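# Architecture at a glance
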Amino acid sequence: MNHLAHAWLAMPDDDIVLGGLMADFLRGAVDPQLPRGVRIGIALHRAIDGYTDAHPQVVAARRLFEPPYRRYAGILIDVWFDHLLARRWTRHADGSVASFSQHVQRLLAARDVELPPRLQDFARYMRRHDLPAAYQDVETIDRVFNGLSHRLSRENPLATARPVLAAQSDALEHAFAQFFPQLAAFSAGEVARIEARLA
């Protein structure tokens, strides 16, 4: 899953949300000096990634992509599922995706000094481009894939991926509708399990 899903699945605790957003910018062991909630958020993010990668709906969705896109199917699905979550927000969450997005932006701004440097940069990018709410717009998804294509070290087809995703939109929407409620239930239980381990 991508930024919008990780932030929402970590709600309502802002420390856990912050950890969920930080996790993509950290590697290796978690600093024990970080606030407990942030450490829970990092662990939750990693558990969500593992659950997602192994879920039958996601495994099947990866097989929808032919080479050369199949190698990057995990990235494509992560971003596209955030797009679907943003577009179908009221099916899964209270309030608007715009108000949730503003909450995330305010949280990152208020805790800026705690963020890894790359997340500080990304938080500014989020504010400029109204993320994560703008994930509902296909033009934003094009920009996301174009940016990702330049960040990967090897030559890749990500910049041209959106029409490929659009061609599989019905199958991906079905997979998301089956998968996401199960992920939400898993995440709620996982927070309790992580809290018990860190007690």
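Residues numbered from 1 in each chain as written. Predicted model: local features only at pLDDT ≥ 70, side-chain atom pairs only at ≥ 80, totals over all residues. Heavy atoms only, no water.

For the rest of this paragraph, the subject is the pattern of salt bridges. All told, the structure shown has six salt bridges when counted by the stated rule. Where Arg-111 meets Asp-15, a salt bridge forms, and the shortest distance between an N and an O atom there is 2.8 Å. In this pair, Arg-111 sits in the loop between helix 7 (97–110) and helix 8 (117–129) while Asp-15 sits in helix 2 (residues 14–22), placing the two residues 96 residues apart along the sequence. The exposure class assigned to Asp-15 is partly exposed, which follows from its relative accessible area of 23%. The shortest N-O distance in the salt bridge between Asp-121 and Arg-124 comes to 2.6 Å. Of the two residues, Asp-121 and Arg-124 both sit in helix 8, three residues apart, roughly one turn of that helix. Linked through salt bridges whose partners overlap, the residues forming this network are Asp-15, Arg-111 and Glu-114. (Salt bridge = Lys/Arg side-chain N within 4 Å of Asp/Glu carboxyl O. Helix = DSSP H or I, 4+ residues; strand = E, 2+ residues; numbered from the N terminus. Buried < 20%, exposed > 50% of the residue type's maximum accessible area, 1.4 Å probe, protein only.)

Further remarks concern a positive patch on the surface. Taken together, the side chains of Arg-27, Arg-46, Arg-118 and Arg-151 make up a positively charged region of the molecular surface. Mapped onto the secondary structure, Arg-151 falls in helix 9 (residues 138–151). (Patch = residues over 30% accessible without salt bridge, like charges linked within 9 Å, V, L, I, M, F, W, Y side chains within 5 Å. Areas by Shrake-Rupley, 256 points an atom, 1.4 Å probe, with all protein chains shown as cover. Lys, Arg positive; Asp, Glu negative; His and termini not counted. Charge placed at Lys NZ, Arg CZ, Asp CG, Glu CD.)

Attention now moves to the packing of aromatic side chains. Within this structure, the stated rule accounts for 10 aromatic pairs. On the basis of an interplanar angle of 20° and a centroid distance of 5.9 Å, the ring pair of Phe-122 and Tyr-125 is categorised as stacked. Within this pair, Phe-122 and its partner Tyr-125 are both found in helix 8, separated by three residues, close to a single helical turn. Residue classification places Tyr-125 among the partly exposed residues on the basis of a relative accessible area of 26%. The structure contains a cluster of three or more aromatic residues connected by ring pairs, namely Trp-8, Tyr-51, Phe-81, Trp-89, Phe-100, Phe-176, Phe-179, Phe-180 and Phe-186. (Phe/Tyr/Trp six-rings, centres within 6.5 Å; stacked < 30°, edge-to-face > 60°.)

What follows concerns the nonpolar core. Counting 65 residues, the largest nonpolar core has Met-1, Phe-81 and Leu-108 as the members making the most contacts within it. If near-sequence neighbours (up to four positions away) are discounted, Leu-108 is found in contact with Leu-18, Leu-21, Leu-115, Leu-119, Ala-123 and Met-126. (Core = buried A, V, L, I, M, F, W, Y, C linked by side-chain atoms within 4.5 Å. Contact = heavy atoms within 4.5 Å.)

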